[in-house]
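Okay, here's what each chain looks like letter by letter:
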Amino acid sequence: MTKQFMLMEPKNENFNELIGGSNKYIVPRFQRDYAWDIEQWEDLWSDINTLDSEGSHYMGYIVLQKKEQYQYEVIDGQQRLVTLSLIILAAMKSIKEMISKGEDEDQNQERLTEITKRFVGSKNFVSLEVISKLELNRNNNKFYQRICSDFSTPNARGITSTNKLIRKCFEFFCKKDFGKTGAEVAQFIEDFSSSMIFTKIIVQDDLNAYKVFETLNARGVQLSTPDLLKNYIFSIVSKSDLIGESELNDLDERWAELIEQLGESNVSDFIRYHYNSQNKMVTKKELFSSLRRVVNEPTTAYEYLKSLISFAPIYASLINPADSWWSEQDVKYREALNCLVGIRLFNIKQPLTILLTAFTKYTPEEFVKTVQYLYVLSIRYNVICHLSPSEQENIYNQIAMKVSNNEFKRASHIKNSEEFKRLYPDDNTFYNAFEYHRMPSRQTAKKIRFLLSELEKHLGNNCDFNKTSLEHICPHNPDEEWGQYFGEGVNDIKDRLGNMVLLDKDDLKRSNFDQKKKAYAETAYGLSNKVAEYNTWDLDQLNEHQKWLSELAVKTWKVG
């Protein structure tokens, strides 16, 4: 157990214990809207009806932040809390309908009153509206409270999509059979609420909450860190009297667009690369505490939020070179797309720090040059030489800050900088690393096809790596005849880059070398043509061929 977890004292509680006491739970004003749909409702109801032998169902972590005595903000878990509460409300509605029919009126009314106190909240004795134990965000709360007060859902025009989900959820569970009598329904609520088990974590502040999220996410428990970041930023922005409700609504809608553009799993990375493009580098673990120091009052939070929103489509398109967004940009940017494909294919993220700020600072021509320089460096540094990505990230941060503050005004300033030169493997280093380079072809065939297609382009054959087949000269699973060429080392050479070429279609399989040579000579691929010039294919010839490939690679991936 880590130190922060010891401070938070995680404990298991069932839904009855969680919400049946005197605590009040508040969903932060700008936390995401209710979003569960029929798939989640059906899964949950199925789980309720097929409880394990101990009569319990594990609902996962719920992360709460204590605000005052008996009052907590729901940092993670609101979707589950709302859905479970709607199940209770649907069951309560069935009791109310029994009362309306005159069935055991007095006892059922008493049951309804006690269930309301325990699970829903207390009633205002003047308005008879429920003061709920669960208060939702600004978009859902009013609608939810209406259900709490009279077990009905408004069906007015203009209802938002998120409140439609709440209504559909309530109606979905209202159709379920909770029991034939008030006593049976009450027993269902008792059993159901006691069987839904949460691991409750209470944090003291939002920094501690972020650490919990990062720790749990690293363990494979996916909590929504982007929500936590959003809650913090919006809470600071909303403290200003100068920023009105309509402006906050607009920012909220645009944040939702940001999540949709990036996909939730990419948001934390985006925020970090955005931060590192303009500030001294922070690691993922340091991000939230650094943001709290920088974004600490409404004006800076507002400008920061607008900056995130404006940079989001750029980031989304940098990590997805096939994005239609590029078709809306200056046609000159298209010259960068193949390089971006290569960077993305090898999952190299460090250049994003520079590219984010370079896109806003440079002309299309200078941006394209920047991409090309970073692409060449990525192939040399990351793909072939396998050098330190942490050192690279530090140096890229230094370059990005100089681009951001206009110290590096052109791509050549980056290329000629001491920082870039410090990272750039020289020709000799690159040649030596390439000479015996191997890649597991079964797992990385697409990456190998990309590299070989780039070498083909340098030879004048402008091929599309997605439309080629990867051919092993000595087959991946060699037969006895091939084993005679390489002896006991036959299985050690199959993934050498020099043992692979491109073909339009690979029909050769385990053909002998003479048969393959003939086919290679007839293709339009320069690498295959080169292999067709050799008399034999053994270890000596493979080594010679990969030396030739290394010379070609030095020329192909070179910053001029």
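To keep things clear, this report deals only with the structure shown in the data block.

Cut-off values and rules
- Residues numbered from 1 in each chain as written.
- Predicted model: local features only at pLDDT ≥ 70, side-chain atom pairs only at ≥ 80, totals over all residues.
- Heavy atoms only, no water.
- Helix = DSSP H or I, 4+ residues; strand = E, 2+ residues; numbered from the N terminus.
- Rg over C-alpha atoms; globule rule 2.2 N^0.38 Å.
- Buried < 20%, exposed > 50% of the residue type's maximum accessible area, 1.4 Å probe, protein only.
- Contact = heavy atoms within 4.5 Å.
- Areas by Shrake-Rupley, 256 points an atom, 1.4 Å probe, with all protein chains shown as cover.
- Lys, Arg positive; Asp, Glu negative; His and termini not counted.
- Charge placed at Lys NZ, Arg CZ, Asp CG, Glu CD.
- Core = buried A, V, L, I, M, F, W, Y, C linked by side-chain atoms within 4.5 Å.
- Expected span 1.5 Å × (residues − 1).
- Bend = angle between axes of the 7 residues up to and from the residue.
- Axes fitted to C-alpha atoms, helices over the stretch in contact; angles between N-to-C directions.
- Parallel < 35°, antiparallel > 145°, perpendicular 65-115°, else oblique.
- Left-handed = near helix turned anticlockwise from the far one by under 90°.
- Nonpolar A, V, L, I, M, F, W, Y, C, P; charged D, E, K, R; others polar.
- Salt bridge = Lys/Arg side-chain N within 4 Å of Asp/Glu carboxyl O.
- Pairing = 2+ DSSP bridges.

1. Thoughts on the overall build of the chain
Of regular secondary structure, the chain possesses 26 helices and 10 strands. The C-alpha atoms of the chain give a radius of gyration of 31 Å, which is well past the 24 Å a tight globule of 560 residues would have. Reported as C-alpha extents along the three principal axes, the dimensions of the chain are approximately 100 × 60 × 50 Å. Within the chain, the fraction of its 560 residues that count as buried is 54%. Contacts in the chain between residues at least 24 apart in sequence constitute 72% of all its contacts with a sequence separation of at least 6. Carbon and sulfur atoms form 45% of the exposed surface of the chain, whose accessible area is close to 26300 Å². Where the 71 positive side-chain charges of the chain centre and where its 80 negative ones centre are 3 Å apart.

2. A look at the nonpolar core
Core analysis: the biggest nonpolar cluster contains 127 residues, and I271, F367, W537 and W557 have the highest contact counts within it. The residues touching W557, leaving out its near neighbours within four places in the chain, are Y375, V376, I379, R380, Y424, F430, F434, L451, E454 and L455. L18, L81, L84 and I147 belong to the second-largest nonpolar core, a separate cluster that totals 55 residues.

3. Examining helix α14 (residues 298-318)
Over its 21 residues, α14 runs 30 Å from end to end, which matches the ideal 30 Å to within 8%, given 1.5 Å per residue. The sharpest bend along α14 measures roughly 35° and falls at F311, with the proline P313 sitting one to four residues further on. With respect to burial, α14 is a largely interior element, 15 of its 21 residues being buried.

4. What about the packing of helix α21 (residues 427-435) against helix α26 (residues 539-556)?
Packing of α21 against α26 brings their axes to within 9 Å, and their N-to-C directions diverge by 140°. As summarised for this structure, α21 and α26 are arranged oblique, according to the angle between their axes. Here α21 runs over α26; the crossing is right-handed. Of the residues in α26, those in contact with D427, F430, Y431, F434 and E435 of α21 are Q546, K547, L549, S550, E551, A553 and V554. Partitioned by chemical class, the residues of the contact of α21 with α26 number six nonpolar, two polar and four charged.

5. Structural notes on the pattern of salt bridges
In the structure shown here, the tally under the stated rule is 29 salt bridges. D177 serves as the salt-bridge partner of K180, at 3.6 Å between the closest nitrogen and oxygen. Each member of the pair, K180 as well as D177, carries the same accessibility label: exposed. K369 serves as the salt-bridge partner of E366, at 3.7 Å between the closest nitrogen and oxygen. Taken together, the residues span about one helical turn, with E366 and K369 both in helix α17 (residues 364-384) at a distance of three residues. Judged by relative accessible area, which is 15%, E366 ranks as buried. For K369, a relative accessible area of 37% puts it in the partly exposed group. When salt bridges that share partners are traced, they join R29, R138, K230, E245 and D252 into one network.

6. Quick notes on the pairing of strand β8 (residues 196-203)
Working note: regular strand, side chains alternate between the two faces of the sheet. For β8, a buried count of eight out of eight residues is recorded, marking the element as mostly surrounded by other parts of the structure. Residues M196, F198, K200 and I202 line one face of β8 and the alternating positions I197, T199, I201 and V203 line the opposite face, and both faces are buried. Bridge count between strand β1 (residues 11-14) and β8: four bridges; the pairing is antiparallel. Bridge pairing links K11 to K200 in β8. The sheet contact formed by strand β3 (residues 57-68) and β8 spans seven bridges and is parallel. Looking at β8, one finds that V63 is bridged to I201.

7. Some words on the environment of M500
Within the secondary structure, M500 sits in strand β10 (residues 500-503). For M500, a relative accessible area of 1% translates into the label buried. Counting along the chain gives 27 residues from M500 to L527, while the straight-line C-alpha distance between them is 8.9 Å.

8. Points about unusual backbone geometry
Residue D104 is not a glycine yet carries a positive backbone phi of 50°. Relative to the helices and strands, D104 is located in the loop between α4 (78-100) and α5 (105-120). Here N406, not a glycine, exhibits a phi torsion of approximately 70°, which is positive. Note that N406 resides in the loop between α18 (389-404) and α19 (411-415). Under the relative-accessibility criterion, N406 is labelled partly exposed at 41%.

9. Focus on α4
Structurally, the α-helix is built with 3.6 residues per turn, so residues lying three or four positions apart point the same way. With 23 residues, α4 should cover 33 Å at 1.5 Å per step; its first-to-last C-alpha distance of 32 Å lies within 8% of that length. Burial analysis of α4 places 19 of its 23 residues in the buried class, the great majority of the element.

Just geometry here; none of it tells us what the structure is for.
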